[in-house]
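# Remarks on the overall topology
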Amino acid sequence: MIIIDSIIRYRLTLTKSVGASCHDFIQVLTTAVAQSGLKYHIKGAKPRVYVFNGAKQEEESLCEIAEIFLDSVYSPEEIKLKLSPFFEGSGFKCINVTQLPYRLSSLQNLVSFAEYEITSVKGNINEALLSADSSLKTHIQSISRLSEDKISLIVRLKPLGSVSLVQEFLKLPGLEVDEGSLQIKRVALFWVDKNGVLQPV
């Protein structure tokens, strides 16, 4: 029997560099928790950890999220201090740790939109969207131009392993994409409140 009140849930907010894999980070995080000296909760003979459906390997991110489940209470600073050395070389860096209510809805059920900043994209956005299929248009929440070659795009997240909506958008006719200097950065995650308004995680 699992005694819920004895399990302490923590959320880690991390940055991710281009080339780093969220899938590979699951093992990095598992090893980090196991060897950190933290008293962790076991699931399937391993530390119980969770890594949210993160940015694609070719994308930078300022808002990757993971969760760990411990059997003792620690300060966020202590957890960050103990885990960070294990992340070196992984492309991930922990920037914040927060204790959460154990019964809080899982991120997989909660988070449904992500905002990207994309650099080295010119062209007329409205013209490009005219050629987009209905499926892509449905998944785009908002889009705006930040500068001559930089846009902000908020899209509905798709299942892990699916083709990135960002990549689908960049293939639209009418956009001029400089592949050599293209930068895709995930900058925020959102959930939808009861009024249908996007709220940052």
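Coordinates for the structure precede this section.
Computed from a prediction, not measured in an experiment: that's the story for all the values here.

Conventions adopted
Residues numbered from 1 in each chain as written. Predicted model: local features only at pLDDT ≥ 70, side-chain atom pairs only at ≥ 80, totals over all residues. Heavy atoms only, no water. Helix = DSSP H or I, 4+ residues; strand = E, 2+ residues; numbered from the N terminus. Buried < 20%, exposed > 50% of the residue type's maximum accessible area, 1.4 Å probe, protein only. Contact = heavy atoms within 4.5 Å. Areas by Shrake-Rupley, 256 points an atom, 1.4 Å probe, with all protein chains shown as cover. Lys, Arg positive; Asp, Glu negative; His and termini not counted. Charge placed at Lys NZ, Arg CZ, Asp CG, Glu CD. Core = buried A, V, L, I, M, F, W, Y, C linked by side-chain atoms within 4.5 Å. Polar contact = N/O pair within 3.5 Å; in protein donor to acceptor, adjacent residues only side chain to side chain. Salt bridge = Lys/Arg side-chain N within 4 Å of Asp/Glu carboxyl O. Phe/Tyr/Trp six-rings, centres within 6.5 Å; stacked < 30°, edge-to-face > 60°. Lys NZ or Arg CZ within 6 Å of the ring centre and 35° of its normal. Pairing = 2+ DSSP bridges.

Looking now at the overall build of the protein. In terms of helices and strands, the protein carries six helices and 13 strands. Across its three principal directions, the C-alpha atoms of the protein cover 55 × 40 × 25 Å. Looking at the protein residue by residue over its 201 residues, the buried ones come to 40%. At a minimum sequence separation of 6, the contacts of the protein that also span at least 24 residues come to 76%. Accessible surface, the protein: about 10800 Å² in total, of which carbon and sulfur atoms supply 52%. Treating the 22 positive side-chain charges of the protein as one cloud and the 22 negative ones as another, the clouds have centres 7 Å apart.

Moving on to unusual backbone geometry. A positive phi angle, close to 70°, is found at Ala45, a residue other than glycine. Take Ala45: it is sitting in the loop between β2 (42-43) and β3 (46-47).

So, about the nonpolar core. With 27 residues, the main nonpolar core has Ile118, Phe169, Leu172 and Leu189 as its most contacted residues. Sorting the residues of this core by element identifies β5 (60-70), β7 (111-119), α4 (125-130), β10 (150-156), α6 (165-170) and β12 (183-192) as the ones contributing at least two each. The residues touching Leu172, leaving out its near neighbours within four places in the chain, are Ala128, Leu129, Ser131, Ala132 and Leu136. Residues Ile68, Ile79, Cys94 and Val97 belong to the second largest nonpolar core, which totals 22 residues.

With that out of the way, let us pick up the side chain of Ser36. On the secondary structure map, Ser36 appears in the loop between α1 (22-35) and β2. At a separation of 3.2 Å, a polar atom in the side chain of Ser36 contacts the main-chain amide nitrogen of Leu38. Among residues more than four places away in sequence, those in contact with Ser36 are Lys82, Leu83 and Phe86.

Here we take up the pattern of salt bridges. Going through the model one piece at a time under the given rule, you end up with five salt bridges. We note a salt bridge from Lys122 to Glu148, for which the minimum N-O separation is 3.8 Å. Of this pair, Lys122 sits in strand β8 (residues 121-123) while Glu148 sits in the loop between β9 (140-147) and β10; the two residues are 26 residues apart in sequence, bridging distant segments of the chain. Residues joined in a network through salt bridges with shared partners are Arg9, Arg11 and Glu67.

In this structure the tally under the stated criterion is three aromatic pairs. Seen from their ring centres, Phe69 and Tyr102 are 6.2 Å apart, and the 75° between their planes marks the pair as edge-to-face. Here Phe69, found in strand β5, pairs with Tyr102, found in the loop between β6 (92-100) and α3 (107-110); they are 33 residues apart in sequence, far enough to count as distant. According to the relative accessible area criterion, Tyr102 is partly exposed, its value standing at 22%. Each member of the aromatic cluster is reached from another via a ring pair, and the members are Phe25, Phe87 and Phe92. For the cation-ring pair, Arg48 lies above Phe69, with the distance from its terminal atom to the ring centre recorded as 3.9 Å.

Pairing of β9 with β10, which is carried by six bridges, proceeds in the antiparallel orientation. Residue pairing in the sheet places Arg145 in a bridge with Ile151 of β10. Counting the residues that bridge the hairpin from β9 to β10 gives two residues.

Turning our eyes to something else, we now look at the environment of Val155. Structurally, Val155 is set in strand β10. Leave out the neighbours within four places in its chain, and Val155 touches Ser112, Phe113, Ala114, Tyr116, His139, Ile140, Gln141 and Leu165.

Here the focus is the side chain of Ser21. Counting through the fold element by element, Ser21 comes out in the loop between β1 (8-16) and α1. Judged by its relative accessible area of 15%, Ser21 is buried. In terms of polar contacts, Ser21 uses its side chain to reach the backbone amide nitrogen of Asp24, at 3.1 Å.

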